[in-house]
Every structure is written in C-alpha cells, then in structure tokens.
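Chain by chain, the residues run as shown.
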Amino acid sequence: MKKICRLELLSAKKIRSFSSIREEELSRITKVFESKAGVNFTEMTVEMVNNVICKAMLGYSYKDQATLIELLLDVLKTLSAFNLASYYPRLQFLNVILGKKAKWLKIHKKLDGILEDVLKEHRARGRNNNHQEDLVDVLLRVKETGDMDFKLTDEHVKAIVMDMLAAGTDASSTTLEWEMAELMRNPQIMKRAQAEVRSAVKGDTITETDVQSLHYLKLIVKETLRLHAPTPLLVPRECRHDINVGGYDIPAKTKIIVSAWACGTDPDSWEDAESFFPERFENCPINYMGADFEFIPFGAGRRICPGIRADLL
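Residues numbered from 1 in each chain as written. Predicted model: local features only at pLDDT ≥ 70, side-chain atom pairs only at ≥ 80, totals over all residues. Heavy atoms only, no water.

Annotation of the chain in UniProt includes, under Cofactor (unreviewed entry), the sentence "heme". (UniProt positions renumbered as here; feature names shortened; annotations may be inferred.)

What follows is the structure, encoded as structure tokens:
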C-alpha cells in the first residue's frame with residue numbers, strides 16, 4: 001500500500017499534474033471572496049480542499065461528491081468522538097444498546113455503495129486519451145497489471161480512496177485555518193507576508209510557480225505546523241521489546257502514542273515555544289521530513305505520512 005502511494009498516487013510528478021485543479025479552485029474561491037461582503041472562512045476552506053481532492057481522486061464528472069463529503073465528515077466525527085469501549089473492550093455491547101453500531105453500519109453501507117458506483121463509472125469510461133488519469137484510474141490500472149507483491153482487490157481500492165479523501169480533507173483545511181488565525185492574531189507578520197506576495201506576483205493572478213518563490217510564506221507554514229500539527233497525536237505504535245525511555249520502563253507490546261504537538265512545543269527544544277514566530281526557521285536546519293524529532297508533524301521513520309510530498313509542493 002505504501003509503495004502504491006509513494007510511487008503512483010503521491011509522486012512529485014503526479015501531484016504537479018493536478019496543478020490546474022488547484023489553480024482553478026483557488027481562482028473560484030477568490031472570486032467568491034471578492035463578491036461577498038462577509039464569508040465563513042472555515043466553510044470556504046473546507047469546500048475548496050474537498051473540491052481539489054475529489055477532482056484529483058475521482059475526476060471532474062463525479063456526481064455524488066456532496067453526499068460523499070457529508071458521509072466522510074460523519075466518519076471523521078465518529079472517529080474523534082469519545083467511545084468508552086475503546087478503553088474497556090468488554091463494554092462493546094454498549095455500542096449495540098446505544099445504537100452506535102447500527103449508525104456506523106448504516107454509514108458504512110452508504111459509503112460502500114457510493115465507492116462501488118465510483119469504480120463502476122471509471123471502468124465503464126475506460127481509458128480515454130483525452131481524459132486526465134485521476135487517482136482511481138491509477139489504482140485500477142495497478143490492480144489490472146498485477147505488479148504488486150499481493151493481489152489488489154476492489155476492497156483495497158475503496159479503502160485507499162477513503163483514506164486519501166478523509167486524511168487529505170481534514171488535515172489540509174485545518175492547517176489553512178490555523179495559518180489564517182495566526183496571521184490575524186499577528187498583524188505585523190501578516191503585513192510582511194502580504195508585502196512579499198505583492199512584490200513576487202505580477203498581475204492579478206497567482207500561480208504555483210509564484211508560490212515557490214515566497215520564502216517568508218514557507219516559514220509561516222513551518223511555524224504553523226510546529227504549533228498546530230495536522231495530527232497532534234500520531235498513529236499508535238507498538239513497543240517491540242522492553243525499553244527504558246527518559247527513566248520510564250516501557251514493556252514490550254505496550255501501545256505507544258507519540259504527541260507531535262508536545263514535540264513541537266517542548267521548551268527544551270524551542271525558545272519561547274508557545275509564541276508564533278516564523279523567523280525562528282530562518283537559516284534553521286530543522287525541517288519536517290522526519291529526521292528532527294522535535295518537529296514531526298507528519299511523523300517519522302518508515303510510517304511517515306506518505307502525503308508529505310504533496311505538502312512540500
């Protein structure tokens with residue numbers, strides 16, 4: 001699965017191939033901001049990110065995008081909600097009594113039906129030279145060629161689509177929202193960022209090429225990721241053998257949850273750790289590629305987030 005993501009779905013070349021989708025959505029959202037006296041930034045950001053990811057993942061022609069996104073948001077709410085049975089497995093029967101399990105199965109059935117229609121639509125369309133290959137097309141091509149070390153099934157394809165849509169939507173929109181919130185709280189930083197944009201961009205339209213030259217904006221992104229990691233608590237790991245870390249004995253088989261937020265705000269690693277100060281990354285060798293453990297918003301090691309290439313671009 002990781003190989004598919006790294007080589008096929010999230011390679012630098014593939015991410016760049018969807019630049020027209022991102023620029024189109026940015027242009028549309030800019031016109032909305034210009035035409036209205038007041039907008040809900042959170043709603044507009046989520047909508048923009050959803051549209052970009054859905055078009056890249058499913059193609060332009062998918063008709064049930066709104067329903068799919070609504071169900072995905074329900075899934076994210078369910079995953080983030082408190083569930084007593086997660087801490088006391090013997091209490092699983094409570095999910096049945098309280099109707100939670102029935103609700104989850106209903107959401108699953110609806111999502112599975114939508115994703116099944118997506119696969120049928122892509123197979124019926126076939127390979128069209130005039131059609132840009134979206135990520136579902138890539139997965140179906142890999143499935144047909146059988147180049148993987150295991151047999152890829154439709155269930156695998158649907159699971160990857162779900163992971164990509166859910167992870168990409170929530171993390172990206174939340175990060176954008178935090179960036180804007182921090183800029184509004186720090187008007188001097190906002191002015192410097194605006195001045196850089198105005199000096200770098202020629203004309204009324206900004207392109208992805210222009211963004212690559214915005215050095216200070218990249219510092220703002222890094223500082224946002226430090227203070228507001230997309231996933232504050234990384235995916236749980238299992239300790240493989242008995243070990244002592246920082247004076248604590250951790251037995252083998254213990255479930256370990258790493259706090260990326262705690263690493264990014266540790267006063268022993270960062271000066272004035274809780275302040276928003278992008279300049280701290282000026283000429284700083286620390287980056288979020290996973291080698292510097294004081295700054296791991298995307299995780300580290302073999303299981304680092306495969307979407308990190310997309311964020312770098």
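Let's pick the thread back up.
**So, unusual backbone geometry**
Here Asp272, not a glycine, exhibits a phi torsion of approximately 50°, which is positive. The topology assignment puts Asp272 in the loop between helix H14 (260-264) and helix H15 (308-312). Not every positive phi belongs to a glycine, and Asn283 is a case in point at roughly 55°. Mapping Asn283 onto the fold places it in the loop between H14 and H15. (Helix = DSSP H or I, 4+ residues; strand = E, 2+ residues; numbered from the N terminus.)

**Considering the side chain of His122**
Checked against the element boundaries, His122 lands in helix H8 (residues 100-125). Looking at His122, its side chain comes within polar contact range of the main-chain oxygen of Val118, at 2.9 Å. Not counting residues up to four positions away in its chain, the partners in contact with His122 are Leu58, Asp134, Val136, Asp137 and Leu140. (Polar contact = N/O pair within 3.5 Å; in protein donor to acceptor, adjacent residues only side chain to side chain. Contact = heavy atoms within 4.5 Å.)

**Describing the packing of helix H10 (residues 154-185) against helix H13 (residues 215-227)**
Where H10 meets H13, the axes come as close as 10 Å, and the angle between the chain directions of the two elements is 105°. Taken together, H10 and H13 sit at an angle that is classed as roughly perpendicular. Touching Thr175, Trp178, Glu179, Glu182 and Leu183 of H10 are Ile220, Val221, Thr224, Leu225 and Leu227, all from H13. (Axes fitted to C-alpha atoms, helices over the stretch in contact; angles between N-to-C directions. Parallel < 35°, antiparallel > 145°, perpendicular 65-115°, else oblique.)

**Let's talk about empty space enclosed by the protein**
In the structure shown here, the tally under the stated rule is one cavity of 30 Å³ or more. In terms of lining, the largest cavity is formed by Asn50, Ile69, Leu72, Leu73, Leu76, Leu165, Ala166 and Thr169. Secondary structure elements with two or more residues in the lining of the largest cavity: helix H5 (65-80) and H10. Among the elements that take part in the lining of the largest cavity, H5 stands out by supplying four residues, more than any other. For the lining of the largest cavity, the residue count by class is six nonpolar, two polar and no charged. (1 Å grid on protein atoms, 1.4 Å probe; cavity = no way out; pocket = protein on both sides within 12 Å on 5 of 7 lines; lining within 4 Å. Points joined across faces, edges and corners; volume = space filled by probe spheres on them. Nonpolar A, V, L, I, M, F, W, Y, C, P; charged D, E, K, R; others polar.)

**Here's the deal with the layout of surface pockets**
Taken as a whole, the second largest pocket spans an internal volume of roughly 820 Å³. Surrounding the second largest pocket, 19 residues form its lining, Arg237, Glu238, Cys239, Ile256 and Val258 being those nearest its centre. Those elements that provide at least two residues to the lining of the second largest pocket are strand S1 (237-238) and strand S2 (243-245). Split by residue class, the lining of the second largest pocket holds eleven nonpolar, three polar and five charged.

**Some thoughts on the environment of Leu219**
Relative to the assigned elements, Leu219 resides in helix H13. For the pair Leu219 and Glu279, spaced 60 residues apart in sequence, the C-alpha to C-alpha distance is 6.8 Å.

**Observations regarding the packing of aromatic side chains**
Counted according to the given criterion, the structure contains six aromatic pairs. Aromatic side chains Phe33 and Phe41 sit 6.3 Å apart centroid to centroid with 20° between the ring planes, which places their arrangement in the stacked category. What makes Phe33 partly exposed here is its relative accessible area of 31%. On the basis of an interplanar angle of 80° and a centroid distance of 6.1 Å, the ring pair of Trp270 and Phe295 is categorised as edge-to-face. Here Phe295 lies in the loop between H14 and H15 and Trp270 lies in the loop between H14 and H15, a separation of 25 residues in the sequence. Judged by relative accessible area, which is 6%, Trp270 ranks as buried. Through pairs of rings, three or more aromatic residues link up here, namely Trp270, Phe281, Tyr288, Phe295 and Phe298. When the ring centre of Tyr216 is taken as origin, the NZ or CZ atom of Arg192, which lies over that ring, is 3.9 Å away. (Phe/Tyr/Trp six-rings, centres within 6.5 Å; stacked < 30°, edge-to-face > 60°. Buried < 20%, exposed > 50% of the residue type's maximum accessible area, 1.4 Å probe, protein only. Lys NZ or Arg CZ within 6 Å of the ring centre and 35° of its normal.)

**Structural notes on the packing of helix H4 (residues 41-58) against H10**
Viewed as axis vectors pointing N to C, H4 and H10 meet at an angle of 145°, and their least axial separation amounts to 9 Å. Considering only the axes of H4 and H10, their crossing is right-handed. Facing H4, whose interface residues are Phe41, Thr42, Thr45, Val46, Met48, Val49, Asn50, Ile53, Cys54, Met57 and Leu58, H10 presents Val161, Met164, Leu165, Gly168, Thr169, Ser172, Ser173, Leu176, Glu177 and Met180. Of the residues that constitute the contact of H4 with H10, the class distribution is 13 nonpolar, seven polar and one charged. (Left-handed = near helix turned anticlockwise from the far one by under 90°.)

**Topic: the pattern of salt bridges**
Within the structure shown, the criterion is met by 15 salt bridges. Arg28 is the partner of Glu25 in a salt bridge, and the nearest nitrogen-oxygen pair spans 2.9 Å. Of this pair, Glu25 and Arg28 both sit in helix H3 (residues 19-35), three residues apart, which is roughly one turn of that helix. Given the relative accessible area of 2%, Glu25 is considered buried. Across the salt bridge formed by Glu238 and Lys253, the nearest N and O atoms sit 3.6 Å from each other. Of the two residues, Glu238 is situated in strand S1 and Lys253 in the loop between strand S3 (248-250) and strand S4 (255-256); the sequence distance between them amounts to 15 residues. A single network of salt bridges, built from pairs that share partners, joins Glu24, Glu25, Arg28, Glu47 and Lys55. (Salt bridge = Lys/Arg side-chain N within 4 Å of Asp/Glu carboxyl O.)

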